[in-house]
Amino acid sequence: MTDPTPARTGGLAPRQARRLRVAAASVLMVVVAAVLAVRLASRSSVLVVGVYGLALILCGGVIELSRRGRTRLATWLLGAGLAAAVATDAFLIP
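All chains use their own residue numbering, which begins from 1 and follows the written sequence. Note on the predicted model: pLDDT of at least 70 is required for a residue's local features to be given, and 80 or more for side-chain atom pairs to be given and counted; whole-chain, interface and lining totals, by contrast, use all residues. Values shown for side chains rest on all heavy atoms present in the structure; no hydrogens or waters enter the calculation.

### Side note on the overall build of the protein chain
Stage number 1. When its secondary structure is counted, the protein chain shows three helices and zero strands.
Stage number 2. Counted from the first residue to the last, the protein chain has its helices and strands arranged as α-α-α.
Stage number 3. Whether two residues touch is decided by their heavy atoms; if any such pair falls within 4.5 Å, the residues are in contact. Contacts spanning at least 24 positions in sequence make up 62% of the contacts within the protein chain whose residues lie at least 6 apart. Helical segments are the DSSP runs of H or I of at least four residues, strand segments are the runs of E of at least two, and each set is numbered from the N terminus.

Structure follows, in structure tokens:
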């Protein structure tokens, strides 16, 4: 007789993956908010607020996606979105 639940071969359980993603997005949200505060202290630009504001919204969206069980999508969005924010900061913001 076969077991209906296959044995795990490694990795995280779904609940652990969701919690890890929520924690990572929360930490990144705090980091992005701190960088936004530093950038605004040195120069006040609408572009700076826009880029880091979108990054904060992205982190919030990732938290919500992770809560709903879409951890893979949340991981890709978090990585791509933060890479885009860093690239925008490096190349577009003077």
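Next comes the rest of the description.
### Some details on the layout of surface pockets
Stage number 1. Method remark: on a 1 Å grid restricted to protein atoms, a set of points is classed as a cavity if a 1.4 Å probe fits but cannot get out and as a pocket if it is open with protein on both sides within 12 Å along at least five of seven lines; lining residues have an atom within 4 Å of a point. Grid points are joined across faces, edges and corners, and a volume is the space filled by probe spheres set on the points. By volume, the largest pocket amounts to about 190 Å³.
Stage number 2. Residue lining of the largest pocket: L12, A13, P14, A17, R18, R21, G69, T71, R72 and T75, and that is the complete set.
Stage number 3. Among the elements of the structure, helix 1 (14-42) and helix 3 (71-91) are those that each provide at least two residues to the lining of the largest pocket.
Stage number 4. Note on residue classes: Ala, Val, Leu, Ile, Met, Phe, Trp, Tyr, Cys and Pro are nonpolar, Asp, Glu, Lys and Arg are charged, and everything else, Gly too, is polar. Of the residues assigned to the lining of the largest pocket, the class counts are four nonpolar, three polar and three charged.

### Concerning the UniProt feature "transmembrane region" (unreviewed entry) in the protein chain
Stage number 1. UniProt positions are given in the numbering used here, feature names are shortened, and annotations may be inferred rather than shown by experiment. According to UniProt, the feature "transmembrane region" (unreviewed entry) maps to residues 20-40, 46-66 and 73-93 in the numbering used here.
Stage number 2. Spanning residues 20-40, this segment combines 100% helix with 0% strand, and its end C-alpha atoms are found 30 Å apart.

### Thoughts on the nonpolar core
In globular proteins that are soluble, nonpolar side chains generally tend to be buried together.
Stage number 1. Core analysis: the largest hydrophobic core is formed by 16 residues, its most contacted members being V32, V48, Y52, A55, V62, L78 and L82.
Stage number 2. The element that contributes the greatest number of residues to this core is helix 2 (residues 46-67), accounting for eight residues. Buried Ala, Val, Leu, Ile, Met, Phe, Trp, Tyr and Cys residues that are joined via side-chain atoms within 4.5 Å together make up what is termed a nonpolar core. The rule is simple: take the accessible area with a 1.4 Å probe, protein chains only, and divide by the maximum for that residue type; under 20% is buried, over 50% is exposed, in between is partly exposed.

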